[in-house]
Amino acid sequence: MFWKVAAPYWWSEDKTQARLRLAAVFALTLGTTGISVGFNFLGRDFYNALADKDQEKFTQQLLYYLGAFAGGIPFFVLRDYAKETLSLRWRSWMTSYYMKRYFKNRTFYKIQSQSIIDNPDQRINDDLSAFTGTALAFSLTFFNAAVDLVSFSNILYGIYPPLFIVLVVYSLGGTAISVFLGKNLVSLNFMQEKKEADFRYGLVRVRENAESIAFYGGEENELQLLLDRFRRAFDNLSELLIASRNLEFFTSGYRYLIQILPAAVVAPMYFSGKIEFGVINQSVSAFNHILSDFSLIVFQFQSISAFSAVIDRLGEFDDLLDGNESSLSPQNDNNGINIIFKSSSSVVSSNGSLAYSDPCMVLEIRNLTLITPRSGNVLITDLTLELKDKDHLLVMGPSGSGKTSLLRALAGLWTSGTGDIIYHVRGSVQLEKTNVSSDELPNMKLEGEKVLRSSKQRRDNGIFFVPQRPYMVLGTLRQQLLYPTWSEDVHYSPNNDAESTDPLPFLSEVSRSEGVGAKPEMPSTAELVRVLEVVKLGYILPRFNGLDTMHDWASVLSLGEQQRLAFARLLLAKPTLVLLDESTSALDEPNEAHLYSQIEAAGITYISIGHRKTLQKFHNKALYISKSESTDSNLSNWELKPTSQISAEESSPFSS
């Protein structure tokens, strides 16, 4: 598992820099080991001079010592600096590597919606930082131990061979006892990471939902929930501390005993006159060096346990990002929902054939059966409909009937079920840039998720989505308006020079999907101001000092203002089709009517989900979905009719 997580960087596009820096760190480590050996011999001569009361030799050795300190210390400092900078570069690459896979194919959405693993944010931020720093530190520690072992074993064995045998027996016995006493530390460290992250996530939720909690008066409930989460972290940490204490009882005694053990073994030789006093100091120094090398597990057991927990968490995350079928694939996928894009001239379909599209057609749904990913409940059965230019569809039904799930299927977020969703695109079909050639393109299978590779591909083909609570990005008001159509054109870049001058190019390698999708030209400042006036938000410009100030927009704008801002994004993007999920629920009826008139005037076809009867006048078709608890996919639970046939007096829009 360690190698699977660690290896990709050393064979990445940054491998040359990585390997050169690692070689430099190892070279400096060899240098520091050589300096330590030199200090060992200097210490022997220094204490011999002191024991012999030879002032001249003592002064000479003291000067040698000071000179060695002055020359050797920079090697230790540079080694640590080189190690830390390599660790930071490794972490930067791994952060980019994991985040790109986290966002690819909407994996982040699947993880959240299916609750596959806990706290992916902590794994990217905390665990990657801990992994790179600790992995490099342990690698150098083991390398240094191996070099030390060779260097000092000769010294110690030359002084007194039995002392070397005592050292081996002592270290092996200590390692076995440490492993036995600390066997529970790995699992306890793993759980502590999870429980701390759960507590932190609870605090973040309070911050993000402060107003709702305040309206409900839910402070005491939130306090109790957070204290319960903290108590779980506290209880686990208490067990971890007890296990660490038990291990520390042994390791402390083990560590302090070695201060007298080598001197006690070689003292008889000194008393008999076989060795000088300085040799005792040399043997103690060599013994401590070698014992530290042999006893890495004893001295580092707690750190190794914590590191093992980090490896387990990252390994689990890495397996998931690699496309673990048992985690990411829907359990009741059947044949999958096919999403096909047709152009006015041709279509690329799942069997690789080409066909021509009706220029007035916008959307076709053929025999769509929608199933919940986990439970397998049938939400919609055998739905078939067509939308042409100037057709506007209102989707209605009781809560839980599958209205929003239908939009998820249209957006490519849900593929559980069967049937075809066909978008008719103005111009040529825009596909994600891949490694296949243009000759191979007609033969590509575009089934299920393989068709809709990203939400960006959907936008590039003129399909836009507006949720009930719009997403407010971290940025300026200008960035709010340009999101998501022109986000990549205004992203922050710390270096405007050529890409080759960027010391960390992999942090700016976000794909621009060149040649994918012809989007409108980015609006000017005047156009941004104008669209704010159109959606009746012009008053926020002086309130926030223009378009280029940073605020927490989800907090400073009301939900109604956020919904109007989402319509401003829509009008700027000018899509062919927009999916509206109760997107005017926080607006009064005049504002709702105004916004619908604006998107209709812009020539945009729209599908709305809503409960208000006032929405019927903005649509010419209505789809009513009844709630179904059945797993039988043969029972139809929907009805489609013109809104003109719906009586205002009917309690249900489709009562018979």
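If you check an unreviewed UniProt entry, the protein chain appears there as ABC transporter D family member 2, chloroplastic from Digitaria exilis.

Q: What is the right way to look at the overall build of the protein chain in this model?
A: A tally of regular secondary structure across the protein chain gives 21 helices and 13 strands. In the protein chain, which comprises 656 residues, the proportion classed as buried is 45%. Across the protein chain, every contact between residues at least 6 apart in sequence was considered, and the portion connecting residues at least 24 apart equals 78%. Carbon and sulfur atoms provide 56% of the accessible area of the protein chain, an area that totals close to 33,000 Å².

Q: Honestly, helix α4 (residues 107–114) in this entry has me stumped. Any pointers?
A: Since one α-helical turn is 3.6 residues long, residues separated by three or four positions face the same way. Residues of α4 that are buried: Thr 107, Lys 110, Ile 111 and Gln 114. In an axial view of α4, the angular spread of the buried residues amounts to 100 degrees, which keeps them on one side of the axis. Taken from the residues just after α4, Ser 115 is the one with a positive phi, measuring 50 degrees.

Q: Honestly, the UniProt feature "transmembrane region" (unreviewed entry) in the protein chain in this entry has me stumped. Any pointers?
A: What UniProt calls "transmembrane region" (unreviewed entry) maps, in this numbering, to residues 20–42, 62–82, 128–147 and 159–181. Annotated as 100% helix and 0% strand, the span residues 62–82 places its first and last C-alpha atoms 30 Å apart.

Q: I keep staring at unusual backbone geometry and nothing clicks. Help me out?
A: Most peptide bonds take the trans form, and the phi angle of most residues other than glycine is negative. With an omega dihedral of -5 degrees, the bond running from Tyr 483 to Pro 484 counts as a cis peptide bond. Topologically, Pro 484 is positioned in the loop between α16 (477–482) and α17 (525–534). Here Asn 545, not a glycine, exhibits a phi torsion of approximately 60 degrees, which is positive. Tracing the chain through its elements places Asn 545 in the loop between α18 (540–543) and β9 (550–551). Here Lys 574, not a glycine, exhibits a phi torsion of approximately 55 degrees, which is positive. Its location among the elements puts Lys 574 in the loop between α20 (559–573) and β10 (577–581).

Q: Explain the confidence of the model for the protein chain here, please?
A: It should be kept in mind that the predicted coordinates are not to be read in detail where pLDDT is low. Of all residues in the protein chain, 80% have pLDDT values of 70 or greater, and the mean over the chain is 79. Taken as a whole, residues 347–355 scores under 50 in pLDDT and shows 25 contacts with residues more than four places along the chain or in a different chain. Low pLDDT, under 50, characterises residues 431–453; the stretch is placed with 48 contacts to residues that sit more than four places away or in other chains.

Q: Would you take a moment to explain the pattern of salt bridges for this structure?
A: Oppositely charged side chains are able to pair whenever their charged atoms sit close together. Overall, the coordinates contain 18 salt bridges when judged by the stated rule. Note that Arg 478 and Asp 548 form a salt bridge whose closest N and O atoms lie 2.8 Å from each other. Taken together, the residues Arg 478 in helix α16 and Asp 548 in the loop between α18 and β9 connect sequence positions 70 residues apart.

Q: I'm lost on α20 in this one. Help?
A: With 15 residues, α20 should reach 21 Å at 1.5 Å per residue; the first-to-last C-alpha distance of 21 Å fits that figure. Within α20, 14 of the 15 residues are buried, which leaves the element mostly enclosed by the surrounding structure. Where α20 ends, the next residue or the one after it, Lys 574, has phi of about 55 degrees, a positive value.

Q: Explain the packing of α17 against α20 here, please?
A: To characterise two packed helices, one gives the angle between the axes of the helices and the distance between these axes. Closest axis-to-axis distance for the α17/α20 pair is 9 Å, and the angle between their directions is 125 degrees. One finds that α17 runs oblique with respect to α20. Both α17 and α20 take part in a crossing whose hand is right-handed. Between α17 and α20, the residues in contact are Glu 527, Leu 528, Val 531, Leu 532 and Val 534 and Leu 565, Ala 568, Leu 571 and Leu 572, respectively. Class assignment of the residues belonging to the contact of α17 with α20 gives a composition of 8 nonpolar, no polar and 1 charged.

Q: Would you mind going over the packing of aromatic side chains with me for this structure?
A: The geometry of an aromatic ring pair comes down to the distance between the two centres and the angle between the two planes. With the rule as written, the count across this model stands at 27 aromatic pairs. Of note, Arg 19 hangs over the ring of Trp 11, and the distance from its end group to the ring centre comes to 5.2 Å. Across the ring face of Tyr 98, the terminal group of Arg 101 is positioned such that the distance to the ring centre comes to 4.8 Å.

Q: Sorry if this is basic, but what is going on with the pairing of strand β1 (residues 336–343) here?
A: Regular strands place their side chains on alternate faces of the sheet. The element β1 is largely enclosed, with a buried count of 8 among its 8 residues. Burial along β1 is two-sided: Gly 336, Asn 338, Ile 340 and Lys 342 facing one way and Ile 337, Ile 339, Phe 341 and Ser 343 facing the other are all buried.

Q: What exactly am I supposed to notice about the environment of Val 362 here?
A: Among the structural elements, Val 362 can be located in strand β3 (residues 361–371). Counting along the chain gives 244 residues from Val 362 to Tyr 606, while the straight-line C-alpha distance between them is 10.0 Å.

Q: Would you explain the sheet that holds strand β13 (residues 638–642) in this entry?
A: The strands that make up a sheet are held in pairs by hydrogen bonds between backbone atoms, and each pair lies either parallel or antiparallel. A sheet is described by the order of its strands in space; here 6 strands give the open sequence β7-β10-β11-β5-β12-β13, paired in mixed fashion. In this open sheet, the two edge strands, each paired with only one partner strand, are β7 (463–466) and β13. Looking at each pair of strands side by side, their axes are set apart by 15 degrees on average, direction ignored. Of the strand pairs in this sheet, β7 and β10 are connected by 4 bridges, and their pairing is parallel.

Q: Explanation requested: the packing of α20 against helix α21 (residues 589–601) in the structure shown.
A: Where α20 contacts α21, the two axes come as close as 11 Å, and the packing angle between them is 10 degrees. Between α20 and α21, the angle is such that the two are roughly parallel. Here α20 contributes Arg 564, Phe 567, Leu 570 and Leu 571 to the contact with α21, which in turn contributes Asn 591, Leu 595, Gln 598 and Ile 599. Its residues assigned to classes, the contact of α20 with α21 comprises 5 nonpolar, 2 polar and 1 charged.

Q: Just checking my understanding: could you explain a negative patch on the surface for this structure?
A: A cluster of acidic side chains, namely Asp 52, Asp 54, Glu 56 and Glu 276, defines a negative patch on the protein surface. Of note, Asp 54 is situated in the loop between α2 (15–51) and α3 (55–103).

Q: Where do I start with the nonpolar core in this structure?
A: What tends to happen in soluble globular proteins is that the nonpolar side chains get buried as a cluster. The biggest cluster of nonpolar side chains holds 39 residues, and the ones touching the most others in it are Leu 481, Leu 532, Leu 570 and Leu 580. Elements represented by at least two residues in this core include exactly β5 (393–396), β7, α16, α17, α18, α20, β10 and α21. Here this core takes 8 residues from α20, the largest share from any one element. Setting aside residues up to four positions removed in sequence, Leu 532 forms contacts with Leu 477, Leu 481, Leu 537, Gly 538, Ile 540, Leu 541, Leu 547 and Leu 565. By size, the runner-up hydrophobic cluster in this structure holds 31 residues, among which are Met 94, Tyr 98, Phe 131 and Ile 311.

Q: Would you take a moment to explain the environment of Thr 95 for this structure?
A: Within the fold, Thr 95 resides in helix α3. Note on Thr 95: relative accessible area 19%, which makes it buried. As for Thr 95 and Leu 128, which are separated by 33 residues in sequence, their C-alpha atoms are 7.1 Å apart. Contacts of Thr 95, omitting those with residues within four sequence positions, involve Ile 124 and Leu 128.

Q: Help me understand the environment of Asn 48 in this model?
A: Mapped onto the secondary structure, Asn 48 falls in helix α2. Spatially, the C-alpha atoms of Asn 48 and Phe 277 are 5.9 Å apart, while their sequence positions differ by 229 residues. Sequence-distant contacts of Asn 48, defined by excluding residues within four places in its chain, comprise Glu 276, Phe 277, Gly 278 and Val 279.

Here is what the cut-offs are and how they apply
- Residues numbered from 1 in each chain as written.
- Predicted model: local features only at pLDDT ≥ 70, side-chain atom pairs only at ≥ 80, totals over all residues.
- Heavy atoms only, no water.
- Helix = DSSP H or I, 4+ residues; strand = E, 2+ residues; numbered from the N terminus.
- Buried < 20%, exposed > 50% of the residue type's maximum accessible area, 1.4 Å probe, protein only.
- Contact = heavy atoms within 4.5 Å.
- Areas by Shrake-Rupley, 256 points an atom, 1.4 Å probe, with all protein chains shown as cover.
- Arc of directions from axis to C-beta.
- UniProt positions renumbered as here; feature names shortened; annotations may be inferred.
- pLDDT = per-residue confidence, 0-100.
- Salt bridge = Lys/Arg side-chain N within 4 Å of Asp/Glu carboxyl O.
- Expected span 1.5 Å × (residues − 1).
- Axes fitted to C-alpha atoms, helices over the stretch in contact; angles between N-to-C directions.
- Parallel < 35°, antiparallel > 145°, perpendicular 65-115°, else oblique.
- Left-handed = near helix turned anticlockwise from the far one by under 90°.
- Nonpolar A, V, L, I, M, F, W, Y, C, P; charged D, E, K, R; others polar.
- Phe/Tyr/Trp six-rings, centres within 6.5 Å; stacked < 30°, edge-to-face > 60°.
- Lys NZ or Arg CZ within 6 Å of the ring centre and 35° of its normal.
- Pairing = 2+ DSSP bridges.
- Patch = residues over 30% accessible without salt bridge, like charges linked within 9 Å, V, L, I, M, F, W, Y side chains within 5 Å.
- Lys, Arg positive; Asp, Glu negative; His and termini not counted.
- Charge placed at Lys NZ, Arg CZ, Asp CG, Glu CD.
- Core = buried A, V, L, I, M, F, W, Y, C linked by side-chain atoms within 4.5 Å.

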